[in-house]
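# Structural overview
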Amino acid sequence: MSDPAPISFAARDSKEAVEEGMLFAPKFDEHGLIPAMAVDADSGAPLMLAYMNEQSLKMTLQLGQAVYWSRSRNQLWHKGATSGEFQEIVDIRTDCDQDALVLRVKQHGGGCCHTKRATCFYRVVKKADGEALLEPVK
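Presented here is a report on the structure given in the accompanying data block. Keep in mind it's a predicted model, so treat the numbers as computed, not measured.

This brings us to the pairing of strand β8 (residues 131-136). When strand β7 (residues 123-128) meets β8, the two strands line up antiparallel, connected through six bridges. Counted as the bridge partner of A128 is E131 from β8.

Bringing the pattern of salt bridges into the picture now. Under the definition given, this model contains five salt bridges. Residue D91 pairs with R93 through a salt bridge whose shortest N-O separation is 3.4 Å. The class of R93 is partly exposed, set by a relative accessible area of 46%. Look at the salt bridges and you will find they share partners, linking D91, R93 and R104 into a network.

Another point: helix α2 (residues 54-63). Each full turn of the α-helix corresponds to 3.6 residues, which orients residues three or four apart in the same direction. S56, L57 and T60 are the residues of α2 that are buried. All buried residues of α2 project into a common sector of 100° when viewed along the axis, lining one side. Elements that come into contact with the buried residues of α2 comprise β2 (46-52), β3 (67-70), β4 (75-78), β5 (87-94) and β6 (101-107). Taking the backbone nitrogen of Q55 as reference, a side-chain oxygen 3.2 Å away marks N53 as the first, capping residue of α2. Within two residues after α2, G64 carries a phi angle of roughly 75°, on the positive side.

How each quantity is defined
- Residues numbered from 1 in each chain as written.
- Predicted model: local features only at pLDDT ≥ 70, side-chain atom pairs only at ≥ 80, totals over all residues.
- Heavy atoms only, no water.
- Pairing = 2+ DSSP bridges.
- Helix = DSSP H or I, 4+ residues; strand = E, 2+ residues; numbered from the N terminus.
- Salt bridge = Lys/Arg side-chain N within 4 Å of Asp/Glu carboxyl O.
- Buried < 20%, exposed > 50% of the residue type's maximum accessible area, 1.4 Å probe, protein only.
- Arc of directions from axis to C-beta.
- Contact = heavy atoms within 4.5 Å.
- Polar contact = N/O pair within 3.5 Å; in protein donor to acceptor, adjacent residues only side chain to side chain.

This is a description of form; function is not addressed.
Here it is as structure tokens:
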């Protein structure tokens, strides 16, 4: 089996090309990162928010599984490589100016969160008596 062809991204030549064109030209921030929100492909429920760099985004496209950049460990993070809780990519969507991603995924394994919950978003922020409080998602 041969290695897959390398993936390249388009140049960000013009606002019109970025907003209306059909070439993927992701905009990475000053740290070389782009936010990537993983959501359940069937329910649309939010699973996790992470970041990708150019290498992890290309690996994600090649593997069909989510690969992120861990800011805390300063290294590539193939989600599920050690836990078995990998994310199979259904599709990747980008916003109008291509500086944010939504990954529609099929979550495999016991859950998405390191706390062993199905999602990292298991609490809701509420306001009560002038104070911000957290409540479990129902």
